[in-house]
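A structural walkthrough
Below, each chain spelled out in residue letters.
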Amino acid sequence: MIARGDWLVGVDIGAGSLKTMAVRRDGRVGGSASVDIATHTPRAGWSEQHPKDWWDALCATVPRALSEAGIGADAVAAIAFSAGAHTPVLEDASGNVLRPAILWSDQRSADEARELESDHGDEILALGCNRAVPTWTQPQLLWLARHEPDVLARTRRLYVAKDWLRSRLTGTWETDHTEAVGTLLCDGRRARWSERLCAMIGFDPSRLPPIVRPSSVVGEVTRTAASATGFAAGTPVVCGSSDTSVEVYGAGAIAPGEAAVKLATAATVSIVGREPRVHRSVINYPFAVPGLWYTIGATNSCASAHRWLRDRFFMASGGDGAEAFAEMDRLASTVPAGAGGLLFHPYLNGERTPHWDPLLRADFVGMTFRHERGHFVRALYEGIAYSLRDVLEALRGQGLDAGKARIIGGGARSATWRQIVCDVLGIAIEMPRVTDASFGAALIAGVGIGMHASEVDAARASVEIVARHEPDASLRPRYEAMYGIYRDSAAATAGISHRLAAIDRS
């Protein structure tokens, strides 16, 4: 397959939207387009999306992105994909999708995860490089075996989200090492499916796809797909990888010891290393750069909590969401550090690092009559920063640390929020010009077709830093005190969260 032109396309399925981005060989973004994707919550703690919505969004965004870039389909040299990690799509023998896709944020398999941890925890950790929690595909499949056994009986192929969408272009079936580890069905260090991990839940490994490198060319756009999407038939299609992997990579954190902070639907801290740091407190994935891993900790609710606050308290009927966000950011910038003694725990959908507790609940602590709307926004920004401090401390506990980090995700657009994260973590923060997963996916596409000699070369040639923040030393005593109260109050209310969850389920 021969590259057609100087343009690359990255496609990312996010938690709330799908984005298609056209990127020039030199890393300049020419055009992009996004379409909202609905997340359905038929029961408390559930999070699902319909794969057909991803396909419809792809077909809608490709022509718009190419038009904004001022290019035709023949200018596109290659395409690659990313998505939220290990979201399973199950197909029957005829290629029909059997049910909505269960997202990483879904908490329905909490009982199954606890059972797997109790019965096989050490073995799962040793083989899969991660502990059993509801975010992974393994406990989700066990939940399906018990509650929707007919679905699993009819399943012939398991995809993850980005691979299913990519297969609509190529008709092929494969995944990459990062996504495979995310299913918790893969022998992580050997990069192959584990019969033992599959046997724990009674899942046939023949239903799992071949594992390839993220930069592998896996096919080309078929004529049928070209007609539907606006891509040119025959355009090379590259595998791609999960969103955080390509975001960290696309931000230029590409060597051992380099880090990235992500303010997206979830908030994360990732540190690149030469090997997994296997421990129950953190998550490990193979990285987009071959031979490296990244160790990550996450707080479940970040931009999702920000949106929740906007929609419940800042949006007038028929109002403009972007304007509401801008007003929230302005108000937060007028409130001093510490938010007047108001704290926010962002546990709107349970919590991952360091608690690993799907039953934790969010709260505002310390409200008084003098607190106004801006205090609540500032407390939300700071509460998520405190949760990221929890994550960083967990990584430090595994011998990892960072003196600075690249910052990515939609929340990084706020200079106020960036500075808060910088001050609370106590490390320098750098923001790249482009922070989208679709950008990192596009760079991987270029590596796949030989436009760039390697992943490292592509990142070095394409990533540009546009903002830097240093910690304000004068705020350190206040934030240290507030972080201590944040930790103590989280511990004090955990039992209350469990009691409320029990009443909610009764």
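Residues numbered from 1 in each chain as written. Predicted model: local features only at pLDDT ≥ 70, side-chain atom pairs only at ≥ 80, totals over all residues. Heavy atoms only, no water.

1. Quick look at the overall build of the protein chain
For clarity, the threshold we go by: For helices the rule is a DSSP run of H or I covering at least 4 residues; for strands it is a run of E covering at least 2, with both sets numbered from the N terminus onward. What the globule rule says is 2.2 Å times the number of residues to the power 0.38, and the radius of gyration is computed from C-alpha atoms. Each residue is assigned to one of three classes by its accessible area relative to the maximum for its type, calculated with a 1.4 Å probe on protein chains only: buried under 20%, partly exposed between the two thresholds, exposed over 50%. For this analysis, residues touch if any pair of their heavy atoms sits within 4.5 Å. When charges are counted, Lys and Arg are positive and Asp and Glu negative, with His and the chain ends excluded. Think of each charge as sitting on NZ of Lys, CZ of Arg, CG of Asp or CD of Glu.
Broken down by element type, the protein chain carries 16 helices and 23 strands. Taking 23 Å as the expected radius of gyration for a compact globule of 506 residues, we find that the protein chain reaches 22 Å, a close match to that expectation. Expressed along its principal axes, the backbone C-alpha trace of the protein chain runs to roughly 65 × 50 × 50 Å. Here the protein chain holds 506 residues, and the buried ones make up 61% of them. A separation threshold of at least 6 residues defines the contact pool for the protein chain, and within that pool the share at least 24 residues apart is 72%. Counting 53 positive and 57 negative side-chain charges, the protein chain places the averaged centre of each group 1 Å from the other.

2. Digging into helix 15 (residues 455-462)
We count it as follows: Each direction from the helix axis to a C-beta atom contributes to the arc, which is the arc of those directions.
For helix 15, every residue scored as buried is listed here: Glu455, Ala458, Ala459 and Ser462. For helix 15, the angular spread of buried residues about the axis comes to 95°, placing them on one side. Exposed residues pointing more than 90 degrees away from the buried face of helix 15 are listed as Arg460 and Ala461. Among the structural elements, helix 9 (243-250) and helix 14 (437-448) are those in contact with the buried residues of helix 15.

3. Quick notes on helix 2 (residues 110-128)
Filter applied, for reference: Take the residue count of a helix, subtract one, and multiply by 1.5 Å to get its expected span. What the bend at a residue measures is the angle between two axes, fitted to the seven residues ending there and to the seven starting there.
Here helix 2 is 19 residues long, yet its end C-alpha atoms lie only 18 Å apart, well below the 27 Å a rise of 1.5 Å per residue gives. Considering bend angle alone, the principal kink of helix 2 is centred on His120 and spans about 95°. Inspection of helix 2 places Ala110, Glu112, Ala113, Leu116, Glu117, His120, Gly121, Ile124, Leu125, Leu127 and Gly128 among the buried residues, and these make up the whole buried set.

4. Comments concerning the environment of His40
The topology assignment puts His40 in the loop between strand 3 (29-36) and strand 4 (48-49). Residue classification places His40 among the partly exposed positions, given a relative accessible area of 31%. The spacing of His40 and Val76 is 36 residues in sequence and 34 Å in space, taken between C-alpha atoms. When sequence neighbours within four positions are dropped, the list of residues in contact with His40 reads Trp46, Ser47, Glu48, His50 and Asp53.

5. Quick word on the packing of aromatic side chains
Two measures describe an aromatic ring pair: the distance that separates the ring centres and the angle between the ring planes. Rule in force here: Planes of paired rings set the category: under 30 degrees apart is stacked, over 60 is edge-to-face and the rest tilted, where pairs are Phe, Tyr or Trp rings (Trp by its six-membered ring) whose centres lie within 6.5 Å. Criterion for a charge above a ring: Arg CZ or Lys NZ at most 6 Å from the ring centre, at most 35 degrees from the ring normal.
Enumeration according to the criterion identifies 14 aromatic pairs in this entry. Ring geometry for Trp308 against Phe313: centres 5.9 Å apart, planes inclined by 85°, an arrangement best described as edge-to-face. Chaining the aromatic ring pairs together yields one cluster made of Trp136, Tyr285, Phe287 and Tyr294. We note Arg108 situated over the ring of Trp46; from NZ or CZ to the ring centre the distance is 3.7 Å. The cationic tip of Arg108 hangs over the ring face of Trp143; the distance from NZ or CZ to the ring centre is 4.9 Å.

6. Description of the nonpolar core
Note the threshold: We define the nonpolar core as a collection of buried residues of types Ala, Val, Leu, Ile, Met, Phe, Trp, Tyr and Cys that are connected through side-chain atoms lying within 4.5 Å of one another.
Counting residues in each nonpolar core, the largest one holds 65 residues, and the members touching the most others are Leu90, Leu141, Leu185, Phe203, Tyr249, Tyr285 and Phe287. With eight residues, the single largest contributor to this core is helix 14. The contact partners of Leu90, leaving out residues within four places of it in the chain, are Asn96, Val97, Leu98, Leu141, Leu144, Val151, Leu152, Thr155, Arg157 and Leu158. Among the nonpolar cores identified, the runner-up in size contains 55 residues, and Phe376, Ala385, Ala402 and Met482 belong to it.

7. Notes on the pattern of salt bridges
The test is simple: Any carboxyl oxygen of Asp or Glu that lies within 4 Å of a side-chain nitrogen of Lys or Arg is treated as forming a salt bridge with it.
In the structure shown here, the tally under the stated rule is 39 salt bridges. With a closest N to O distance of 2.7 Å, Glu115 and Arg146 form a salt bridge. Remark: Arg146 occurs in helix 3 (residues 137-147) and Glu115 occurs in helix 2; sequence separation between them is 31 residues. Arg433 is the partner of Glu464 in a salt bridge, and the nearest nitrogen-oxygen pair spans 2.9 Å. Of this pair, Glu464 sits in the loop between helix 15 and strand 23 (465-469) while Arg433 sits in the loop between strand 22 (428-432) and helix 14, placing them 31 residues apart in sequence. Salt bridges sharing partners connect three or more residues here, namely Lys162, Asp163, Arg166, Glu174, Asp176 and Glu179.

8. Observations concerning the sheet that holds strand 13 (residues 217-220)
We apply this condition: Any two strands are treated as partners once DSSP identifies two or more bridges connecting them. Angles run from 0 to 180 degrees between N-to-C directions of axes, and those axes are lines fitted to C-alpha atoms, restricted for helices to the stretch in contact.
One open sheet accounts for six strands, arranged 3-2-1-5-14-13; its pairing is mixed. Each end of this open sheet is capped by a strand with a single partner; those strands are strand 3 and strand 13. The mean angle between the axes of side-by-side strands here comes to 20°, regardless of whether they run parallel or antiparallel. Across the sheet, helix 9 touches strand 1 (7-13), strand 5 (76-83) and strand 14 (236-242), and the angle it forms with strand 14 is around 95°. Here helix 14 sits on the sheet in contact with strand 1, strand 2 (17-24), strand 3, strand 5, strand 13 and strand 14, set at roughly 135° to strand 1.

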